Amino acid sequence: KAGVTQTPRYLIKTRGQQVTLSCSPISGHRSVSWYQQTPGQGLQFLFEYFSETQRNKGNFPGRFSGRQFSNSRSEMNVSTLELGDSALYLCASSTQGGKETQYFGPGTRLLVL
Amino acid sequence: GDSVTQMEGPVTLSEEAFLTINCTYTATGYPSLFWYVQYPGEGLQLLLKATKADDKGSNKGFEATYRKETTSFHLEKGSVQVSDSAVYFCALSDLGDYKLSFGAGTTVTVRA
């Protein structure tokens, strides 16, 4: 089976712009989660989707949003980018979510200038 | 809420040394526990997991036992190799949370 794929792998944006990141889960997985990784804050949960419904959301401002499509692919969007949004954004998928193992993609590295 | 406390790094070892990374957790329910590893420039890979008390997860020579009485899930390896150099994350997932809660990560460097 192919693993979790994320596009793009690298992205450079300027403050005030918006960005959309994409995640394709492992075939058959319906739960997709997003995490932000920074040197200062570590790994922080953004949100989780299952069958196009957001079931949980982390403590991030409303500039961070996401969605999931009927084929389980997911996108996350960050509007009005700030310097502090520079991070590695990781997507993970699992069959049902909850206590199951989550499998991670390689991440999208976002640099905001 | 649920949380994970992980041994601070960095940890530097010589090849064939014994590795232990301490991990303790706080959870309201009965979580699943995980160790993930991250190599430079990559995402997280599952190293091992345990889903109930006294379960021992093992993989690639690494082991960790789910200790409910001490709320711990310490990672051990008897003889490390240079290729084990990476960042290790302890994590938990509780029923109904639909997320992983991570420790801060421990950077391990193994020298030949």
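Scroll up a little and you will see the structure.
Described in the following lines is the structure provided in the data block. Every value quoted in this text rests on a predicted model; they were computed, and no experiment measured them.

**A short note on the pattern of salt bridges**
Link 1 in the chain: Inspection of the entire model under this criterion finds nine salt bridges over all chains.
Link 2 in the chain: Glu82 of chain A is the salt-bridge partner of Arg63 of chain A, the closest N and O atoms lying 3.6 Å from each other. Note that Arg63 of chain A is positioned in the loop between strand E6 (53–57) and strand E7 (64–68) and Glu82 of chain A in the loop between strand E8 (74–78) and strand E9 (87–94), a separation of 19 residues in sequence.
Link 3 in the chain: Taking the shortest distance from any N to any O, the salt bridge between Arg67 of chain B and Asp54 of chain B comes out at 3.8 Å. One end of the pair, Arg67 of chain B, is in the loop between strand E8 (62–65) and strand E9 (75–77); the other, Asp54 of chain B, is in the loop between strand E6 (44–50) and strand E7 (56–59), and 13 residues separate them in sequence.
Link 4 in the chain: A relative accessible area of 36% means that Arg67 of chain B is categorised as partly exposed.

**Examining the interface of chain B and chain A**
Link 1 in the chain: Counting from both sides, the interface comprises 21 residues of chain B and, opposite them, 20 residues of chain A.
Link 2 in the chain: Of the roughly 1,700 Å² buried at the junction of chain B and chain A (both faces included), carbon and sulfur atoms supply 57%.
Link 3 in the chain: It is Leu44, Tyr98 and Phe102 of chain B that lose the most area in chain B upon contact with chain A, and together they represent 34% of the buried surface on that side.
Link 4 in the chain: Our count for the chain B to chain A interface comes out at zero salt bridges.
Link 5 in the chain: For the interface between chain B and chain A, the tally reads eight residue pairs in polar contact (both at pLDDT 80 or more).
Link 6 in the chain: Sorting the residues of the side of chain B that touches chain A by element identifies strand E5 (32–38), E6 and strand E10 (86–93) of chain B as the ones contributing at least two each.
Link 7 in the chain: The greatest single-element share of the side of chain B that touches chain A, amounting to four residues, is contributed by E5 of chain B.
Link 8 in the chain: Its residues assigned to classes, the side of chain B that touches chain A comprises eleven nonpolar, five polar and five charged.

**A word on the sheet that holds E8 of chain A**
Adjacent strands of a sheet form backbone hydrogen bonds with each other and so pair up, either parallel or antiparallel.
All names here are of chain A.
Link 1 in the chain: In spatial order, the strands read E1-E3-E8-E7; together these four strands make up an open sheet with antiparallel pairing. Edge positions in the open sheet fall to strand E1 (5–7) and E7, since each of these has one partner strand only. Here the average twist between neighbouring strands, direction ignored, is 20 degrees.

**Some remarks on the sheet that holds E7 of chain B**
Residues and elements named next belong to chain B.
Link 1 in the chain: Across the sheet, four strands lie side by side as E3-E9-E8-E7; this open sheet has antiparallel pairing. Bordering the open sheet on either side are strand E3 (19–21) and E7, each of which pairs with just one other strand. When strand polarity is set aside, the average angle formed by the axes of neighbouring strands in this sheet is 15 degrees.
Link 2 in the chain: In the sheet, E7 pairs with E8 via four bridges, with the strands oriented antiparallel. Residue pairing in the sheet places Lys56 in a bridge with Thr65 of E8.

**What about the pairing of E10 of chain B?**
Residues and elements named next belong to chain B.
Link 1 in the chain: Where burial is concerned, most of E10 is hidden: seven out of the eight residues are buried.
Link 2 in the chain: Bridging between E5 and E10 involves seven bridges; their strand directions are antiparallel. Bridging across to E10, Tyr36 finds its partner in Phe89.
Link 3 in the chain: Taken together, the three bridges between E10 and strand E12 (residues 106–111) define a ladder with antiparallel strand orientation.

**A short note on the nonpolar core**
Link 1 in the chain: Of all hydrophobic cores here, the largest spans 25 residues; its most connected members are Leu19, Trp35, Leu48, Phe73, Leu75, Tyr88 and Val108 of chain B.
Link 2 in the chain: Within the residue set of this core, elements represented by two or more residues are strand E2 (11–14), E3, strand E4 (23–26), E5, E6, E8, E10 and E12 of chain B.
Link 3 in the chain: A per-element tally of this core places E10 of chain B first, with four residues.
Link 4 in the chain: Core analysis: the next-biggest nonpolar cluster, separate from the first, contains 21 residues, Leu11, Leu21, Cys91 and Leu110 of chain A among them.

**Some words on unusual backbone geometry**
Note: most peptide bonds trans; most residues except glycine with negative phi.
Link 1 in the chain: Put simply, Thr7 of chain A and Pro8 of chain A share a cis peptide bond, and its omega is -10 degrees.
Link 2 in the chain: Residue Pro10 of chain B is reached from Gly9 of chain B by a cis peptide bond, and omega for that bond is -10 degrees.
Link 3 in the chain: Positive phi, normally seen in glycine, also occurs at Thr80 of chain A, with a value near 45 degrees.
Link 4 in the chain: Within the secondary structure, Thr80 of chain A sits in the loop between E8 and E9.

Rules used throughout
Residues numbered from 1 in each chain as written. Chains lettered and ligands numbered in written order. Predicted model: local features only at pLDDT ≥ 70, side-chain atom pairs only at ≥ 80, totals over all residues. Heavy atoms only, no water. Salt bridge = Lys/Arg side-chain N within 4 Å of Asp/Glu carboxyl O. Helix = DSSP H or I, 4+ residues; strand = E, 2+ residues; numbered from the N terminus. Buried < 20%, exposed > 50% of the residue type's maximum accessible area, 1.4 Å probe, protein only. Contact = heavy atoms within 4.5 Å. Buried area = accessible area lost by both parts, 1.4 Å probe. Polar contact = N/O pair within 3.5 Å; in protein donor to acceptor, adjacent residues only side chain to side chain. Nonpolar A, V, L, I, M, F, W, Y, C, P; charged D, E, K, R; others polar. Pairing = 2+ DSSP bridges. Axes fitted to C-alpha atoms, helices over the stretch in contact; angles between N-to-C directions. Core = buried A, V, L, I, M, F, W, Y, C linked by side-chain atoms within 4.5 Å.

Everything listed here is a matter of coordinates, which is why it stays silent on function.
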